[in-house]
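What follows is each chain in one-letter form.
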Amino acid sequence: MMRNLSRLFLPLLIALAPLPAFAQTDAPIAAPVETVTTAPVPTATPQFTAPTAGIGQPGGGIQLQTPVTPIGVEAQYLANGVLNPLMAATSVFVLILLAWTVFRYRAAANPVASKTSHNTVVEVVWTLVPVLILVWIAVPSFRLLANQYSPPKADITIKAIGHQWYWEYEYPDQGGFSFDSVMLTDAESAKRGSPKLLDTDNRIVVPAGATVKVLTTAADVIHSFAVPSFWVKMDAVPGRINETWFKVDRPGVYFGQCSELCGTKHAFMPIAVEVVTPARFAEWVAAKQAENGITPEAAVPAAAGQAPPVTGAAPLPAAPGVTAPAGNVTTPVAAAAAPTPAA
Ligand SMILES: [Cu+2]
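All of these numbers come straight from a predicted model, not from anything done at the bench.

The rules behind each value
- Residues numbered from 1 in each chain as written.
- Predicted model: local features only at pLDDT ≥ 70, side-chain atom pairs only at ≥ 80, totals over all residues.
- Heavy atoms only, no water.
- Helix = DSSP H or I, 4+ residues; strand = E, 2+ residues; numbered from the N terminus.
- Expected span 1.5 Å × (residues − 1).
- Contact = heavy atoms within 4.5 Å.
- Donors = N, O, S within 2.8 Å, 3.2 Å for Na, K, Ca; no water.
- Tetrahedral: all angles 85-135°; square planar, octahedral: opposite > 155°, others 65-115°.
- Buried < 20%, exposed > 50% of the residue type's maximum accessible area, 1.4 Å probe, protein only.
- Core = buried A, V, L, I, M, F, W, Y, C linked by side-chain atoms within 4.5 Å.
- Pairing = 2+ DSSP bridges.
- Axes fitted to C-alpha atoms, helices over the stretch in contact; angles between N-to-C directions.

Q: Please explain helix α6 (residues 278-291) as it appears in this structure.
A: Given 3.6 residues per turn, any residue in an α-helix points the same way as the ones three and four places further on. Between its first and last C-alpha, α6 extends 20 Å over 14 residues, near the 20 Å set by a 1.5 Å rise per residue. Just past α6, the residue glycine 293 takes up positive phi, approximately 65°.

In structure tokens:
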């Protein structure tokens with residue numbers, strides 16, 4: 001009796017086991033939690049590009065977000081042009097086959113059961129056809145992976161550091177200034193015309209047409225830097241640096257979210273990326289440098305392509321406001337900040 005009972009309840013217990021993990025409220029965590037206050041939202045709207053409905057944010061449907069990067073476009077083709085039609089066709093074919101079998105071989109119409117044990121032709125067909133289908137999927141899929149992991153030379157590098165529960169961004173090529181990016185309240189979002197829970201007080205600002213290398217890491221637990229319209233999702237792991245990239249030609253605002261369950265406020269650490277003209281980017285960099293007391297001469301010229309080496313042993317998190325080592329060749333800020341034209 002007891003054995004039967006435990007047989008019944010054990011799978012149920014196993015199935016329910018992860019639930020307490022989601023039930024945490026303010027459970028104690030190892031890393032100290034910093035108190036975060038949202039910076040006042042400037043009322044001068046020209047500083048913040050207004051988002052475009054249906055671009056760079058969820059559209060409410062079941063479709064993927066409109067891709068705005070070359071990788072996103074390629075990935076959307078793989079999903080909508082290859083995988084979805086294939087899945088639909090396979091499902092319909094199997095359903096028809098099943099219905100036909102149920103009707104054709106029902107007991108009433110077949111008083112004498114068939115004694116067929118095998119059929120070589122059918123077996124060869126049902127082995128070969130799936131092999132061909134898998135090859136058909138593999139070719140564009142491997143091509144997408146290869147393109148994703150062999151990015152063009154970066155024009156600028158930004159470092160995204162996940163914290164519980166906000167993102168910190170650093171611009172190593174522009175003198176190493178950094179800032180925190182905290183979610184806006186609903187009222188603040190409404191003021192900017194942004195969707196709820198997706199905009200931040202300080203957005204990532206990058207120039208249009210530039211290949212942007214994103215280095216991700218975290219200060220406490222694992223986070224994930226994800227912007228769906230860029231087709232970008234990269235884990236941010238404490239003590240490690242991961243790398244991803246994007247290139248957006250269209251100026252605008254694009255939203256993402258932390259995509260690795262990282263604690264109670266996991267859902268409230270969005271990512272907002274503002275893509276601006278190279279001239280506007282140079283202005284923004286100059287303002288940020290002035291704000292952080294960085295002389296433009298000290299900034300590492302982006303044109304020289306001196307991206308920091310990616311190593312797993314870098315001290316984390318990097319100290320904000322660190323100026324680049326002296327002795328580098330200097331170029332004017334505007335020239336340094338402007339990306340090389342897209343090929
Ligand atoms: Cu997170």
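Q: What am I meant to see in the environment of methionine 269 here?
A: Mapped onto the elements, methionine 269 comes out in the loop between β9 (252-258) and β10 (270-276). For the pair methionine 269 and tryptophan 165, spaced 104 residues apart in sequence, the C-alpha separation works out to 5.5 Å. Sequence-distant contacts of methionine 269, that is, excluding residues within four places in its chain, are made with Gly162, His163, Trp165, Tyr166, Trp167, His223, Gln257, Cys258 and Cys262.

Q: What is the right way to read the coordination of the copper ion from this model?
A: Each pair of donors in an ideal octahedron of six around a metal sits at 90 or 180 degrees, and each pair in an ideal tetrahedron of four sits at 109.5 degrees. Distances from the copper ion to its protein donors, His223 (ND1), Cys258 (SG), Cys262 (SG) and Met269 (SD), fall within 2.0 to 2.7 Å. Considering all four donor atoms around the copper ion, angles at the metal cover 90 to 128° and the coordination shape is tetrahedral. Read from N- to C-terminus, the donor residues coordinating the copper ion fall into the pattern H-x34-C-x3-C-x6-M. Highlighted residues: histidine 223 in strand β6 (residues 223-227) and cysteine 258 in strand β9, separated in sequence by 35 residues. An identical accessibility class is assigned to histidine 223 and cysteine 258; each is buried.

Q: How should I be thinking about the nonpolar core in this particular structure?
A: Considering soluble globular proteins, one finds that nonpolar side chains tend to be buried as a cluster. One finds Tyr171 and Phe225 to be the most contacted residues of the largest nonpolar core, which totals 37 residues. The greatest single-element share of this core, amounting to four residues, is contributed by β10. Each residue touching phenylalanine 225, except ones within four places of it in the same chain, is listed here: Ala160, Trp167, Tyr169, Ile204, Val214, Thr216, Val232, Lys233, Met234 and Ile271. In this structure, Ile71, Ala75, Val82 and Trp245 belong to the second largest nonpolar core, which totals six residues.

Q: Help me understand the sheet that holds β10, please; the structure alone is not making it clear to me.
A: In a beta sheet, neighbouring strands pair by backbone hydrogen bonds and run either parallel or antiparallel. Strand order in the open sheet formed by five strands is β4-β10-β9-β6-β7, and the pairing between neighbours is mixed. A single partner strand is all that each edge strand has here, and the edge strands are β4 (204-207) and β7 (232-236). Averaged over all neighbouring strand pairs, the angle between strand axes comes to 25°, with direction disregarded. Sheet topology note: the β4/β10 ladder contains four bridges and is parallel. Within the sheet, the bridge partner assigned to valine 206 lies in β10 and is valine 275. Contacting β4 and β10, α6 runs over the sheet at an angle of about 135° to β4.

Remember that the coordinates give geometry; whether it matters functionally is a separate question.
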